[in-house]
Amino acid sequence: MARIIVITSGKGGVGKTTTAAAMAMGLAQRGHRTVVIDFDVGLRNLDLIMGCERRVVYDFVNVINGEANLNQALIRDKRCDNLYVLPASQTRDKDALTKEGVGKVLEDLGQGHDYVVCDSPAGIEHGATMAMYYADDAVVVTNPEVSSVRDSDRMLGILSSKSRRAESNAEPIREFLLLTRYSGERVERGEMLSVDDVQEILSLNLLGVIPESQAVLNASNAGVPVILDHDSEAGQAYGDMVARYLGDDVPMRFINSAKKGFFSRIFGG
Amino acid sequence: MAASSITSETATAFELKADAFTLPVIRLLALDMDSIATQLEAKVAQAPAFFLHTPVVVDLSAMSDADANVGFPQLVGLLRGLGMIPVGVRGGSLAQQEAAKAMELAILGDTFKPKRRESGPRLAAEHASAPVPDPIGVAPMPEPPAAPVGIETGPTLITRPVRSGQRIYAAGGDLTVIAAVNPGAELMADGNIHVYGALRGRVIAGLKGNTTARIFCHDLQAELVSVAGHYRVSESIPAELKGQRVQIYLDHEVLRIDPL
């Protein structure tokens, strides 16, 4: 049975889809059969970030409604054989997602895959609750900024009460914190919340810190998950994050500002 | 209404049921019989048919003087003389109600509830004379949740952080939390509340009116604190108490926050 991971946050625009794409690609590249699902019915972005927007025929809602089967809807990634994308519908609305429908699709996917990454929409309404209901693991994407921290905290409360595991008193969802758009310089100047400040409220397992990076915009423009941009700090940070998720003990990079030495400032580089 | 007969030889003579009737209520604002008579006569003259043979209720809740003699014999005589049928009395002191009963008037239920007994006319008068500089609010007691949705009831010991939007209600007793209470979380208890982690949310003790309830915490950063309906928001809590170990309690209806 596949492990179901939900990428959630509460707040919008913090980096859920970027993270879902990067994490799914990272897992697939390490040999695991992975599928990434877009739960944002009506406002789909995952297909753009994955670069498969021109190959969408059927979507998640078509499968739930029985209008297509999974094989017809799943889009295989051109760069990695192990990775599939299940896009969201752009024309329907969130009510098309039902608990039973979603459960059936996840069960079917579970047969043939190792990991199912669910890209949640923003908010705490139906779309978000459907995305997290069946989750085994939750990656709570948070910006080091007060409103994002509060919204993530709210989402954690909902995860601990409205998920299938919570309702059936099973072992609770494993919760991870992913801090995104982090800037070590701004933290040192006292402008931005530090990892410790965020953890004071959220107190979660820190899965990774992704630094603010221009590579993220470039990657989404190109339809390439940023983890494939090995030169960028964000790409490398996502690589570290996937390794940590799989159990490797990887030290945190990118938390402190890269202090350029005296000579490197004179001679550049 | 035909009496339904049960399977017995003799037919049932009556049914006992409850029903609601809307009656005109005459709320007395003064006890000067002459003024009442004149003003009532004028009102009745405007719509005599409305008042003729109409059962009416006399409301004494506006009478602040509990010892005042309402003069029921004259009042009843006045009302009957104008064609009304006085059936009962609402409000008023015990003595006044006894006088009403002596005139064969029923004592009717007090459905009009003032906010709090203490915040009645007496308290309003005190506040009018000495404006209270320190903004202590006397809020109507929040209703204890009946069928709670999204509210955890029962558990009186919380060991995991209370997240934003979560509500914990310890019905009938104390609540103890040995983890952080995040902004946007709500703690409620009928008894005391003890918080050993950082208290950043709302905390409401003595929910059902227990004025002896107290709040104890190790790190006060709460958004709102309340004991039996008397509350203060974060802005009204002195800065030197923020982050401190404090106890919060009611002292003669004044909310106090003292360092521990």
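We now turn to the structure provided with this report.

Cut-offs and rules
Residues numbered from 1 in each chain as written. Chains lettered and ligands numbered in written order. Predicted model: local features only at pLDDT ≥ 70, side-chain atom pairs only at ≥ 80, totals over all residues. Heavy atoms only, no water. Contact = heavy atoms within 4.5 Å. Buried area = accessible area lost by both parts, 1.4 Å probe. Salt bridge = Lys/Arg side-chain N within 4 Å of Asp/Glu carboxyl O. Polar contact = N/O pair within 3.5 Å; in protein donor to acceptor, adjacent residues only side chain to side chain. Helix = DSSP H or I, 4+ residues; strand = E, 2+ residues; numbered from the N terminus. Axes fitted to C-alpha atoms, helices over the stretch in contact; angles between N-to-C directions. Left-handed = near helix turned anticlockwise from the far one by under 90°. Nonpolar A, V, L, I, M, F, W, Y, C, P; charged D, E, K, R; others polar. Core = buried A, V, L, I, M, F, W, Y, C linked by side-chain atoms within 4.5 Å. Buried < 20%, exposed > 50% of the residue type's maximum accessible area, 1.4 Å probe, protein only. Pairing = 2+ DSSP bridges. Phe/Tyr/Trp six-rings, centres within 6.5 Å; stacked < 30°, edge-to-face > 60°. Lys NZ or Arg CZ within 6 Å of the ring centre and 35° of its normal. Expected span 1.5 Å × (residues − 1).

## Let's talk about the interface of chain A and chain B
Item 1. The partner chain B presents nine residues to the eleven residues of chain A that form the contact.
Item 2. Here chain A packs against chain B, burying approximately 890 Å² in sum over the two surfaces, 38% of which is carbon and sulfur.
Item 3. Looking at the side of chain A facing chain B, the largest losses of area belong to Arg-150, Asp-153 and Ile-201 of chain A, adding up to 45% of the total buried there.
Item 4. Applying the counting criterion to the chain A and chain B interface returns three salt bridges.
Item 5. A salt bridge links Arg-150 of chain A to Glu-223 of chain B; the nearest nitrogen and oxygen atoms lie 4.0 Å apart.
Item 6. The tally of links between chain A and chain B comes to eight residue pairs in polar contact (both at pLDDT 80 or more).
Item 7. Of all elements in the fold, only α7 (146-162) and α10 (195-202) of chain A reach the threshold of two or more residues within the side of chain A that touches chain B.
Item 8. At six residues, α7 of chain A tops the list of elements feeding residues into the side of chain A that touches chain B.

## What to know about the packing of helix α1 (residues 16-29) of chain A against helix α12 (residues 233-245) of chain A
Residue and element names in this part refer to chain A.
Item 1. One can describe the packing of α1 onto α12 by two numbers: an axis separation of 9 Å at closest approach and a directional angle of 60 degrees. Seen from above, α1 lies across α12 with right-handed handedness. In this structure, α1 uses Thr-18, Thr-19, Ala-22, Met-23, Gly-26 and Leu-27 to contact α12, whose residues at the interface are Tyr-238, Met-241, Val-242 and Tyr-245.
Item 2. Taken together, the residues of the contact of α1 with α12 break down into seven nonpolar, three polar and no charged.

## Things to note about the nonpolar core
All names here are of chain A.
Item 1. Phe-39, Phe-60, Leu-86, Val-102, Leu-109 and Val-116 are the most contacted members of the largest nonpolar core, which totals 49 residues.
Item 2. Excluding anything up to four places from it in sequence, Leu-86 contacts Val-35, Val-36, Ile-37, Asp-38, Asp-59, Phe-60, Leu-70, Ala-73, Leu-74, Val-105 and Leu-109.
Item 3. Counting residues in hydrophobic clusters, the runner-up holds 39 residues, among them Ala-20, Leu-27, Ala-28 and Leu-178.

## Here we look at the sheet that holds strand β1 (residues 25-27) of chain B
All names here are of chain B.
Item 1. Taking strand neighbours across the sheet as the criterion, the four strands line up as β1-β2-β3-β4 in an open arrangement whose pairing is parallel. Both outer strands of the open sheet, β1 and β4 (106-108), are each paired with one neighbouring strand and no more. The average angle at which neighbouring strand axes cross in this sheet is 35 degrees, direction not considered.
Item 2. Relative to strand β3 (residues 85-90), strand β2 (residues 55-59) runs parallel, the two being bridged by five bridges. For Val-56, the partnering residue across the bridge sits in β3 and is Pro-86.
Item 3. Contacts from helix α3 (residues 72-81) reach β1, β2 and β3 within the one sheet, and its direction differs from that of β3 by about 140 degrees.

## As for the pattern of salt bridges
Item 1. The tally for this structure, following the rule as stated, stands at 24 salt bridges over all chains.
Item 2. Salt-bridge contacts for Glu-191 of chain A lead to Arg-189 of chain A; the nearest nitrogen and oxygen are separated by 3.0 Å.
Item 3. Across the pair Arg-200 of chain B and Glu-200 of chain A runs a salt bridge, and its minimum N-O distance is 2.6 Å. Within this pair, whereas Arg-200 of chain B is found in the loop between β11 (193-199) and β12 (202-205), its partner Glu-200 of chain A is found in helix α10, the two belonging to separate chains.
Item 4. The class of Glu-200 of chain A is partly exposed, set by a relative accessible area of 46%.
Item 5. If you follow the salt bridges from partner to partner, you end up with Arg-3, Asp-137 and Arg-174 of chain A in one network.

## Let's talk about the environment of Ser-152 of chain A
Residues and elements named next belong to chain A.
Item 1. Locating Ser-152 in the fold gives a position in helix α7.
Item 2. Residues Ser-152 and Lys-11, spaced 141 residues apart in sequence, show a C-alpha to C-alpha distance of 7.0 Å.
Item 3. The contact partners of Ser-152, leaving out residues within four places of it in the chain, are Ser-9, Val-140, Val-141, Thr-142 and Leu-202.

## Quick look at the sheet that holds strand β7 (residues 157-158) of chain B
Residues and elements named next belong to chain B.
Item 1. Pairing in this open sheet of six strands is mixed, and the strands run β7-β9-β11-β13-β16-β17 from one edge to the other. Each edge of the open sheet is held by one strand with a lone partner, namely β7 and β17 (254-259).
Item 2. As defined by bridge partners, strand β13 (residues 215-220) adjoins strand β16 (residues 246-251) across three bridges and the pair is classed as antiparallel. Following the sheet pairing, Phe-216 is matched in β16 by Gln-247.

## Focus on the packing of aromatic side chains
Item 1. Inspection of every chain in the model, using the stated rule, returns five aromatic pairs over all chains.
Item 2. Ring centres of Tyr-115 of chain A and Tyr-245 of chain A lie 5.9 Å apart, and the angle between their planes is 65 degrees; on these two criteria the pair is classed as edge-to-face. Placement of the pair is Tyr-115 of chain A in strand β5 (residues 115-119) and Tyr-245 of chain A in helix α12, with a sequence separation of 130 residues. Residues Tyr-115 of chain A and Tyr-245 of chain A agree in their burial class; the two are buried.
Item 3. Consider the rings of Phe-50 of chain B and Phe-51 of chain B, whose centres lie 4.9 Å apart with planes at 90 degrees: the pair is edge-to-face.
Item 4. When the ring centre of Tyr-249 of chain B is taken as origin, the NZ or CZ atom of Arg-214 of chain B, which lies over that ring, is 4.2 Å away.

## Overview of the environment of Asn-221 of chain A
Residues and elements named next belong to chain A.
Item 1. In this structure, Asn-221 sits in helix α11 (residues 215-222).
Item 2. Note on Asn-221: relative accessible area 60%, which makes it exposed.
Item 3. Taking the C-alpha atoms as reference points, Asn-221 and Leu-48, separated by 173 residues in sequence, lie 8.2 Å from one another.

## Considering α7 of chain A
All names here are of chain A.
Item 1. With 17 residues, α7 should cover 24 Å at 1.5 Å per step; its first-to-last C-alpha distance of 24 Å lies within 8% of that length.
Item 2. Three or more residues of α7 are buried, namely Ser-148, Val-149, Ser-152, Asp-153, Met-155, Leu-156, Gly-157, Ile-158 and Leu-159.
Item 3. Looking at the packing, one finds that the buried side of α7 touches β1 (3-8), α6 (126-133), β6 (137-142), α8 (164-167), β7 (174-182) and α10.

## Considering the packing of α7 of chain A against α10 of chain A
All names here are of chain A.
Item 1. Look at α7 against α10: their axes get within 10 Å of each other, and the N-to-C directions meet at 35 degrees. Along this stretch, α7 crosses α10, giving a crossing that reads as right-handed. On α10, the residues that touch Val-149, Ser-152, Asp-153 and Leu-156 of α7 are Val-198, Ile-201 and Leu-202.
Item 2. Among the residues making up the contact of α7 with α10, the classes are represented as five nonpolar, one polar and one charged.

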